[in-house]
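Understanding the architecture of this molecule
In case you want the letters, here they are:
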Amino acid sequence: MSQWTTADIPSQRGRTAVVTGTGGLGYEDALALAGAGADVIIAGRNPAKGADAVTAIRAAVPDAKVRFAELDLASLGSVAAFAARLADEHDGLDLLINNAGIMQPPQRRVSADGFELQFATNYLGHFALSAHLLPLLRRRQLPRVVTLGSVAARRGAIDFDDLQAARAYRSMPVYAQSKLACIIFALEFSRRSRAAAWGVQSLAAHPGITRTDLIPNQAGRWSIAGLARRHLSFLFQPAWQGALPTLYAATAPSARDGGYYGPDRLGGTRGFPTEETPPQQATDSTAAARLWALSEEMVGMAFA
């Protein structure tokens, strides 16, 4: 795995991939997969940004098979509609990258369905999307789902007594909770897939500390995090490098079902892909089962 890069991605010809998110890491994922020959669907809520991403990828990869599809992860109705359209257009799905997210809106906001917005967008929308797309995934050989965590998840905790931060909203702990939930989901999905013979591999990854628009788009340019992003840019690795752990988890034959991948240097904040130990909180099987059951109840559907 030493200094694995996009040049090591095996041919993806004949494979169909969905990547959530139109910019930053999502764009880099889509660009690399299209460059390796995959049929890529970039899913996001902003058609203009989606069109820009598709145009840029086609400029870089002239024969790219890439298109945009509208998806708002903060709306369970939008998630269901996207999945229904995909099922009408494709007979199977090889790869799902649950990448899109928001980070630290200063005030508590809620989704179209009334859930706290970071929990809804980063975690619950991807949980529902994965459930909807499971039948398509099961029609392909060795399909994979890769769900993004964060180094922030190391400090995260699932607050089952106030899961929606209705009583107390602090933006960073709520973000950390949403990303910890993503890792828990990835590991539990792997366990359940093996137990039920779904045949779907589930892995988790994180980008370290990476230079994207995630912080200024939500926390704001003048927040402490936004100021650090702008004036201490040397602390952040470029987006192409932050995408490598995800791409490794998504495409490398040696990536392990149930594995967790991140950068290999400076405490997992930058570098090339390596397998790392998930946060201890993510390995609690009792909490994972409880979160899974609550999530199925919230999205109104079960994995099958």
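The following refers to the structure shown. Sequence order sets the numbering: in each chain, residues are counted from 1 along the sequence as written. For a predicted model such as this one, the threshold for reporting local features is a pLDDT of at least 70, and the threshold for listing and counting side-chain atom pairs is 80 or more; totals across whole chains, interfaces and linings nevertheless cover every residue. Think of the side-chain values as coming from all heavy atoms in the structure, minus any hydrogens and water.

Further remarks concern the side chain of serine 178. Among the secondary structure elements, serine 178 is positioned in helix α5 (residues 171–196). A distance of 3.0 Å separates the side chain of serine 178 from the side chain of asparagine 122, its partner in a polar contact. Residues adjacent in sequence count toward polar contacts only when both atoms are side-chain atoms; beyond that, a polar contact is any pair of N or O atoms within 3.5 Å, and within protein one must be able to donate a hydrogen and the other to accept it. A distance of 2.7 Å separates a polar atom in the side chain of serine 178 from the backbone oxygen of tyrosine 175. Between two residues, a contact is recorded if the distance between any of their heavy atoms is within 4.5 Å. In this structure serine 178 touches Gln118, Phe119, Asn122 and Tyr123, once residues within four positions along its chain are discounted. For helices the rule is a DSSP run of H or I covering at least 4 residues; for strands it is a run of E covering at least 2, with both sets numbered from the N terminus onward.

Two strands in a sheet stick together by hydrogen bonds in their backbones, pointing the same way (parallel) or opposite ways (antiparallel). Pairs of strands are assigned from DSSP output, requiring at least two bridges between the strands. Taken in spatial order, the eight strands line up as β3-β2-β1-β4-β5-β6-β7-β8 in an open sheet, and their pairing is mixed. The sheet terminates laterally at β3 (65–70) and β8 (270–275), the two strands that pair on one side only. With direction set aside, neighbouring strand axes in the sheet form an average angle of 25 degrees. Pairing of strand β1 (residues 16–20) with strand β2 (residues 39–44), which is carried by five bridges, proceeds in the parallel orientation. Bridge pairing in β2 places valine 19 opposite isoleucine 42. In this analysis, axes come from line fits to C-alpha atoms, helices being fitted only over the stretch in contact, and the angle between any two N-to-C directions falls in the range 0 to 180 degrees. Across the sheet, helix α1 (residues 24–35) is in contact with β1, β2, β4 (95–98) and β5 (144–148); its angle to β1 comes to roughly 165 degrees.

This paragraph deals with the pairing of strand β6 (residues 201–205). Buried means the residue's accessible area, taken with a 1.4 Å probe over protein chains only, is under 20% of the maximum for its type, while exposed means over 50%, and partly exposed covers the values in between. For β6, the tally of buried residues reaches five of five residues, placing the bulk of the element in the interior. Burial of β6 is two-sided: the residues Gln201, Leu203 and Ala205 facing one way and the residues Ser202 and Ala204 facing the other way are all buried. In this structure, β5 lies alongside β6, joined through five bridges in parallel fashion. Paired with leucine 148 across the strands is alanine 205, a residue of β6. A clockwise path from the first strand over the helix to the second, with the strands pointing away from the viewer, defines a right-handed crossover. Between the parallel elements β5 and β6, the chain passes through α5 in a crossover that is right-handed. Pairing geometry for β6 and strand β7 (residues 260–265), over two bridges, is parallel. Looking at β7, one finds that alanine 204 is bridged to tyrosine 260.

As a further point, take the nonpolar core. Ranked by internal contacts, the top residues of the largest apolar core, which has 50 residues, are Phe82, Tyr123, Leu133, Phe189 and Phe303. Put simply, the parts of the chain that give this core at least two residues each are β2, α3 (76–89), α4 (117–137), α5 and α10 (285–299). Ranked by residues supplied to this core, first place goes to α4 with 12 residues. In this structure phenylalanine 303 touches Phe127, Ser130, Ala131, Leu134, Phe185, Phe189, Trp198, Trp292 and Glu296, once residues within four positions along its chain are discounted. Residues Ala30, Ala38, Ile42 and Ile57 belong to the second largest nonpolar core, which totals 37 residues. Put simply, a nonpolar core is a bunch of buried Ala, Val, Leu, Ile, Met, Phe, Trp, Tyr and Cys residues held in one set by side-chain atoms that sit within 4.5 Å of each other.

These results come straight from atomic positions and should not be treated as a statement about function.
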